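For reference, the chains in residue letters:
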Amino acid sequence: MNLRKTLLCGQCFRWKEIAPDVFCGTVGGRSVTLTQQDIPPLTKNPFWRQYFDMDTDYQTFNQTLANLHPNLREAAVCGAGIHILRQDPWEALCSFILSQNNNIPRIQGIISRLCGEDDTMPPCTKLQEGPAAHPFPRPEALAGLSVDALAPLRCGFRARYVLDAARKVTDGTVNLEELRTAPLAEARASLMQIVGVGPKVADCTLLYGLHRMEAFPMDVWMKRAMKQWFPGVNPADFGPAAGLAQQYIFDYARRHP
DNA sequence: CACCAGGCTCCGA
DNA sequence: TCGGAGCATGGT
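Parameters and conventions
Residues numbered from 1 in each chain as written. Chains lettered and ligands numbered in written order. Predicted model: local features only at pLDDT ≥ 70, side-chain atom pairs only at ≥ 80, totals over all residues. Heavy atoms only, no water. Near = heavy atom within 4 Å. Polar contact = N/O pair within 3.5 Å; in protein donor to acceptor, adjacent residues only side chain to side chain. Nonpolar A, V, L, I, M, F, W, Y, C, P; charged D, E, K, R; others polar. Helix = DSSP H or I, 4+ residues; strand = E, 2+ residues; numbered from the N terminus. Phe/Tyr/Trp six-rings, centres within 6.5 Å; stacked < 30°, edge-to-face > 60°.

Participant: Please explain the protein's contact with DNA strand C as it appears in this structure.
Facilitator: Near DNA strand C, the surroundings consist of Asn-101, Arg-106, Arg-154, Gly-156, Phe-157 and Arg-158. A distance of 3.0 Å is found between a base nitrogen of DNA strand C and a side-chain nitrogen or oxygen belonging to Asn-101. Note that a sugar or linking oxygen of DNA strand C is positioned 3.2 Å from one of the backbone N or O atoms of Phe-157. Grouping the amino acids of the surface near DNA strand C by side-chain chemistry returns one nonpolar, two polar and three charged.

Participant: Explanation requested: the protein's contact with DNA strand B in the structure shown.
Facilitator: The full set close to DNA strand B counts 24 residues, and Gln-100, Asn-102, Gly-196, Gly-198 and Phe-250 are the nearest of them. By atom count, sugar and phosphate contribute 65% of the portion of DNA strand B lying within 4 Å of the protein. Contacts to DNA strand B include Gly-196, whose backbone N or O atom sits 3.0 Å from a phosphate oxygen. Contact distances for DNA strand B include 3.1 Å between a phosphate oxygen and a backbone N or O atom of Lys-200. Considering each element in turn, the surface near DNA strand B owes the most residues, four residues, to helix H11 (residues 199-210).

Participant: How do you make sense of the packing of aromatic side chains when you look at a structure like this?
Facilitator: Any pair of aromatic rings gets described here by the distance separating the centres and the angle formed by the planes. For the coordinates displayed, the defined rule picks out 14 aromatic pairs. Geometrically, the ring pair formed by Phe-157 and Tyr-161 is edge-to-face, given 6.0 Å between the ring centres and 70° between the ring planes. The rings of Trp-15, Phe-47, Trp-48, Tyr-51 and Phe-52 are connected pair by pair, giving a single aromatic cluster.

Structure (C-alpha cells):
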C-alpha cells in the first residue's frame, strides 16, 4: 500500500499532510499521525488493518484491469498502491453529499468545521495514536438541528441535504449497515431516498463507506474520460474491481492534459 | 468580471 | 424522460 496515493486520491477528506510525507488524520474516534514507514507495525493493529484494507488482494485486481486496455494498464501501474479505505458509512455519505459541485480544499474546510475544528487550529503534530479531539459527528447529533444551525459550516445549499441524510439514517428510513449486503441496485435506491443524494453520491457512499468495490461512481465527467482514454471499455468489465478502476481512471485523466 | 468545483433538485416541454 | 437553469460558497 502507498500511503500518499491512498490518502490523497480524493476518497477521503480528513487527512492532512502536515509535513512532507507526514499525514495526520482522524478515524473512528482516533487520531493518528503517521508516515509510510509506520504502516507495517500499524497493520498489526486490527483496527488500522481493517481501515487500510490490508487483507484485500489488490494484486489480482490490478491484473484484471491491466488486461482490459493498454491505457488502463498504464493507469493501473501508476495507481498501484492505492487501497480503497474502509471508511465509516455515515461519514462517507455525509462527506460526499458535501462534495457535490464543490472542490476538495473547500470540502475539507466544511468537514473540518462540521467536526468542530477551528479554522485557526494548528495542525496536530503528536506522533502517536490517541483519542480524537474532534470525531466526526454522529447522525443523531445532527438530526435535530436546523439549516440555520449549520450556517457556520458555510456549506450552502448542501445543509438541508446533510440534515435530511441525518434524519433518515437516524430514524431507520435508510439502514446503512443493511446496505453492505443488499443487492447493489437496492442499496443505491435506498440511499437516493435522501434529498441531495443522486447516483454519483450514492455510489461513492457504497464504494467508500460500505466497501462495495463493484460500485462505479459515474457522472458526465467519467463518461467523457472513459470514451476519450479507454474506448471500448465498459464499467461492467471491471467486476469487483470497478471502484478501484474508477479511482485509477480519475488519476490517469488528471495526469493527461 | 466570468468561470469552475468529484451534482442534485426542480421546473417546463 | 429529458434538458437546463439555479443553487451557496470560495477560489482563480
